[in-house]
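What follows is each chain in one-letter form.
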Amino acid sequence: MLNYKFDKAFYKESELLKRLPIPRSTFHNWQNEWISQGNDPRLMGKILVKGTSTVFWNGALFLQWLIKHKFNMETKYDYEVADKKEAVLVVSNLKKKVK
């Protein structure tokens, strides 16, 4: 398992995408796909602040989701292969930072 340490508990989206170099469009596609399958985005680490439009992300939880649902996914279609390649690239770059 990847032993990556986040320096704080919660991140705004822009901060998370700087820590985990994922294109914003890919990040939103993954969210939309997850939600369209009937899943709760909180399982991805998304935290909505009641009464505001502010959204935070639990970086560690999102990374676990990424590894489980994208990095280790079985691929059948071209778009799944592309998603997996993106996830592998992100995790590979994080492993370099850990060393």
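Refer to the structure printed above.
The shown structure was predicted, so the numbers you read here are calculated from the model rather than taken from an experiment.

Visitor: So what about the pairing of strand β3 (residues 55–58)? Which residues, and what values?
Guide: Relative to β3, strand β1 (residues 10–12) is paired through 3 bridges, and the arrangement is antiparallel. Across the sheet, F10 pairs through a bridge with N58, a residue of β3. Examined bridge by bridge, strand β2 (residues 46–48) and β3 share 3 bridges and lie antiparallel to one another. Residue I47 lies in a different strand from β3, and its bridge partner there is F56. Two successive antiparallel strands, β2 and β3, enclose a turn made up of 6 residues, where G51 displays a positive phi of approximately 80°.

Visitor: Describe in detail helix α3 (residues 59–71), supporting the description with residues and values.
Guide: Of all the positions in α3, only G59, F62, L63, W65, L66, I67 and K70 are classed as buried. Measuring from the side-chain oxygen of the N-cap residue of α3 to the backbone nitrogen of A60 gives 3.2 Å; that N-cap residue is N58.

Visitor: Quick one: what's the story with helix α2 (residues 24–36), residue by residue and with numbers?
Guide: Helical geometry: 3.6 residues make up each α-helical turn, so side chains three or four residues apart lie on a common side. In this model, α2 (13 residues) spans 18 Å end to end at C-alpha, consistent with the 18 Å of a helix rising 1.5 Å per residue. Count one or two residues on from α2 and you reach G38, which has phi positive near 90°.

Visitor: How would you explain the environment of N93 if you had to name every residue and give the values?
Guide: Residue placement: N93 occurs in helix α4 (residues 78–98). Classification of N93 as partly exposed rests on a relative accessible area of 26%. For N93 and L66, which are 27 residues apart along the polypeptide, the C-alpha to C-alpha distance reads 14 Å.

Visitor: Could you give an account of the packing of aromatic side chains, naming the residues involved and the relevant values?
Guide: By the definition in use, this model includes 9 aromatic pairs. Taking 4.9 Å as the distance between ring centres and 65° as the angle between the ring planes, the aromatic pair formed by F27 and W57 counts as edge-to-face. Of this pair, F27 sits in helix α2 while W57 sits in strand β3, and the two are 30 residues apart along the sequence. As far as the burial class goes, F27 and W57 line up, both buried. Between W30 and W65, the aromatic rings sit 6.3 Å apart at their centres with planes inclined by 55°, giving tilted as the arrangement. Of the two residues, W30 sits in helix α2 while W65 sits in helix α3, which places them 35 residues apart along the sequence. Of the two residues examined, W30 and W65, each falls in the buried class. In textbook terms, an aromatic cluster arises when at least three aromatic residues are bridged by ring pairs, as seen for F27, W30, W34, W57, F62 and W65.

Quick notes on the rules
Residues numbered from 1 in each chain as written. Predicted model: local features only at pLDDT ≥ 70, side-chain atom pairs only at ≥ 80, totals over all residues. Heavy atoms only, no water. Pairing = 2+ DSSP bridges. Helix = DSSP H or I, 4+ residues; strand = E, 2+ residues; numbered from the N terminus. Buried < 20%, exposed > 50% of the residue type's maximum accessible area, 1.4 Å probe, protein only. Polar contact = N/O pair within 3.5 Å; in protein donor to acceptor, adjacent residues only side chain to side chain. Expected span 1.5 Å × (residues − 1). Phe/Tyr/Trp six-rings, centres within 6.5 Å; stacked < 30°, edge-to-face > 60°.

All quantities given are derived from atomic positions and should not be read as evidence of function.
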